[in-house]
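Listed below, chain by chain, are the residues.
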Amino acid sequence: DMMATLFKFFESEGSTVSFEEGARIAANESVGAEICHQFDFLSQKQCGVVTVSKPKMVLAAATLDSWLNVYIEQNGKAQLDFVHEEYTIEAKCKAEATTVGFLLPTINKDDLLKTVVALTVDVK
């Protein structure tokens, strides 16, 4: 199951993962202030917030992407599509049992420089 592979992946990286059924994330992501990343998970049967504590990446998008790349590679039938409208993602997830969606927090424009600096430091 998809959620089991998500948990296993992040736990193997030293993170703690939790899922809060029915919850929704806050609108904005704080960079550097938190020690966890959160993103919404949507499917026909469940929705809620995934929290990855002690992530290796700077942004929630990068954290999710690190797992998605592995998941897509290991599951040949899986396809990835980037959609920017929340209502479109919600509608597709409700209509199609094989579709899941992830909604990421918005990056605060004031934190953009912090993100660039943090990414630069991590590369070295």
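Residues numbered from 1 in each chain as written. Predicted model: local features only at pLDDT ≥ 70, side-chain atom pairs only at ≥ 80, totals over all residues. Heavy atoms only, no water.

Asker: Give me the overall build of the protein: which residues, what numbers.
Answerer: Of regular secondary structure, the protein possesses four helices and six strands. Start at the N end of the protein and walk to the C end: the helices and strands fall as α-β-β-β-β-α-α-β-β-α. Taken over 124 residues, the protein has a buried fraction of 32%. Here the contacts in the protein between residues at least 6 apart in sequence split such that 66% fall between residues at least 24 apart. For the protein, the computed accessible surface area is about 8100 Å², with 54% contributed by carbon and sulfur atoms. (Helix = DSSP H or I, 4+ residues; strand = E, 2+ residues; numbered from the N terminus. Buried < 20%, exposed > 50% of the residue type's maximum accessible area, 1.4 Å probe, protein only. Contact = heavy atoms within 4.5 Å. Areas by Shrake-Rupley, 256 points an atom, 1.4 Å probe, with all protein chains shown as cover.)

Asker: Explain the side chain of His37 to me, using residue names and the numbers behind them.
Answerer: Within the fold, His37 resides in strand S3 (residues 36–42). Judged by relative accessible area, His37 falls into the buried class, the value being 7%. Engagement of the side chain of His37 in a polar contact is seen with the side chain of Thr63, the distance being 2.6 Å. (Polar contact = N/O pair within 3.5 Å; in protein donor to acceptor, adjacent residues only side chain to side chain.)

Asker: Residue-level account of the layout of surface pockets, with values.
Answerer: In this structure, the largest pocket occupies an estimated 1300 Å³ of space. If you go around the largest pocket, you meet 42 residues; those closest to its centre are Asp81, Ile89, Val100, Gly101 and Phe102. Take the lining of the largest pocket: its biggest share by element is six residues, from helix H2 (residues 60–74). Tallied by class, the residues present in the lining of the largest pocket amount to 23 nonpolar, nine polar and 10 charged. (1 Å grid on protein atoms, 1.4 Å probe; cavity = no way out; pocket = protein on both sides within 12 Å on 5 of 7 lines; lining within 4 Å. Points joined across faces, edges and corners; volume = space filled by probe spheres on them. Nonpolar A, V, L, I, M, F, W, Y, C, P; charged D, E, K, R; others polar.)

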